[in-house]
Amino acid sequence: MTTVALKDVAKVFQDGTVAVNNINLDVNDGEFMVLLGPSGCGKSTVLRMIAGLEPPTSGAVLLDGELVNDLAPQDRKIAMVFQDFALYPHMTVHDNIAFPLRLAGVEQGPRDERVADVASALGIGDVLGRKPSQLSGGQRQRVAMGRALVRRPGLFLMDEPLSNLDSGLRAELRAEISGLTRELGVTTIYVTHDQAEALTMADRVAIMRKGVLQDVGTPTQVYGRPATLYVAAFLGSPRMNLLEASVYVHLDRYVALHLGDQAIHLPWNDIRSRAVAHYHGERIVVGMRAEALTPVGPDAKGEVLRGRIRYLEHHGHESLAFVDVGATAVVVDEMGSSTGDEAGGPRGRRKLGQVIQRLTGRGAEPVADPAEPSRRNPNSVLSDPGRHHRRPGELGVRLAPYPGISAGHPLAVSVRLDALHFFNERGDRIDVGWR
Ligand SMILES: Nc1ncnc2c1ncn2[C@@H]1O[C@H](COP(=O)(O)OP(=O)(O)O)[C@@H](O)[C@H]1O
Ligand SMILES: [Mg+2]
């Protein structure tokens, strides 16, 4: 019903806080778009600018292709539900839902009809005579949605509407909300910090960090090919394993990724090996989700990493083993800057041609110290071997429930090469650019 476009939209508050930093985003007609990110990343500010409750500092907000920067909220055909929605305690459910229609001067006949319609769609048709205090949390949330939807908005904005509910109810309501908004065909922008909520509800997800849009795509796209290290770390449970790897090109054979004392090998005919080969002699980040790792027998051949189980987590339907493979973990802190803290100039990227010239042939040995502290990029996500102790990189591996082994037990895991993710020290995806 309504399309939304944000063009270079920024919000700088009076105290200098850059809440939203030049965001570009298009939301299609009838689409369910989820804005995802940690607390404080600017999600609510984006929503409030779309609603007209907060003027952008710069940039343009367009609804149905029209610039609305100066349009008052009530003229935008938008409905909004917040986390801390308030119902009128002295009014019945019916009157709460009917209230915006009364304000708009809709006659009683059509008004009651619309209230009944929306209440039945939300499954609260049988509690219309009750007061809010006589409702469960989930029912109250449905009433708040009913009050928003009864005006038949073209655009429905929801800001963490389920955060105050318990987890069972959240799961139930998220399915209902995404079902209902699709049925109504209303364009929806839904804000959450919960990645599971985003992946299950969205047509597309827009992931924000510190006011900056990191990635936009379908759940499959952002989960399967995250654009940045941050998105990779934020999406999925258990979290993606992120390890530092030193890259060594063995021309025409493979690109070796050294993870501590072990290595995995990307065959030269794998299209990604050419992109990774640019980092010869340097370190990159290798990401492996649990689904890329399969426990194998101790004598298994192929791309196998070995280590000892540091600890186990039992989740009922599965157990997770955290295996110390002697590699270094990359830690992505949710809120702050990347973990690098060293001053120094940016490192020049060596050209692949130069690298190849320096190689003496098959099985060439490493040619460079992969980390020279004085030349480190201050924004690097990689550790500084000159200054810090190694952060042991544990691989989270899925096992059958209660596998009957304990911490200290050796474990070998085979690595699915096609499920690996590669990022450079700035945290950007290294890949051939298709999606
Ligand atoms: N009125 C305001 N004045 C100053 N800073 C604000 C104001 N509102 C929000 N902020 C700041 O802007 C940033 C983004 O806030 P917000 O959009 O509420 O984030 P989110 O909804 O993702 O948690 C935060 O650092 C927050 O403290
Ligand atoms: Mg918020």
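Everything below is about the structure printed above this text.
A short tour of the structure in this document, coming up.

Conventions we followed
- Residues numbered from 1 in each chain as written.
- Chains lettered and ligands numbered in written order.
- Predicted model: local features only at pLDDT ≥ 70, side-chain atom pairs only at ≥ 80, totals over all residues.
- Heavy atoms only, no water.
- Helix = DSSP H or I, 4+ residues; strand = E, 2+ residues; numbered from the N terminus.
- Expected span 1.5 Å × (residues − 1).
- Buried < 20%, exposed > 50% of the residue type's maximum accessible area, 1.4 Å probe, protein only.
- Contact = heavy atoms within 4.5 Å.
- Phe/Tyr/Trp six-rings, centres within 6.5 Å; stacked < 30°, edge-to-face > 60°.
- Lys NZ or Arg CZ within 6 Å of the ring centre and 35° of its normal.
- Core = buried A, V, L, I, M, F, W, Y, C linked by side-chain atoms within 4.5 Å.

## What to know about helix α4 (residues 137-149)
Point 1. The end-to-end C-alpha separation of α4 is 18 Å, in line with the 18 Å expected for 13 residues at 1.5 Å each.
Point 2. Counted residue by residue, α4 has 10 buried out of 13 residues, so it is predominantly covered.
Point 3. When we look at burial in α4, the residues that qualify are Gly138, Gln141, Arg142, Val143, Ala144, Met145, Gly146, Arg147, Ala148 and Leu149.
Point 4. Against the buried residues of α4 lie β6 (78-81), α2 (93-103), α3 (108-121), β7 (155-159) and α5 (167-184).

## Things to note about the packing of aromatic side chains
Point 1. Taken as a whole and assessed by the stated rule, the structure comprises four aromatic pairs.
Point 2. Where Tyr88 meets Phe99, the ring centres are 4.8 Å apart and the plane angle is 55°; that geometry is what we call tilted. Note that Tyr88 is positioned in the loop between β6 and α2 and Phe99 in helix α2, a separation of 11 residues in sequence.
Point 3. The class for Tyr88 is partly exposed, based on a relative accessible area of 31%.
Point 4. Note on Tyr230 and Phe234: the rings are 5.7 Å apart at their centroids and 25° apart in plane angle, and the pair reads as stacked. You can see Tyr230 and its partner Phe234 sitting in helix α8 (residues 229-234), four residues apart, about one turn around the helix. The same class applies to Tyr230 and to Phe234, which are both buried.
Point 5. Lying across the ring of Tyr223, Arg289 places its NZ or CZ 3.7 Å from the centre.

## Thoughts on the nonpolar core
Point 1. Counting residues in each nonpolar core, the largest one holds 55 residues, and the members touching the most others are Ile97 and Phe156.
Point 2. Counting residues per element, this core draws most heavily on α8, at six residues.
Point 3. Apart from residues no more than four positions distant in its own chain, Phe156 is found in contact with Ala79, Val81, Met145, Ala148, Leu149, Thr181, Val186, Thr187, Thr188 and Ile189.
Point 4. Leu243, Ile284, Ile309 and Leu420 belong to the second-largest nonpolar core, a separate cluster that totals 35 residues.

Read these as spatial facts, not as claims about activity.
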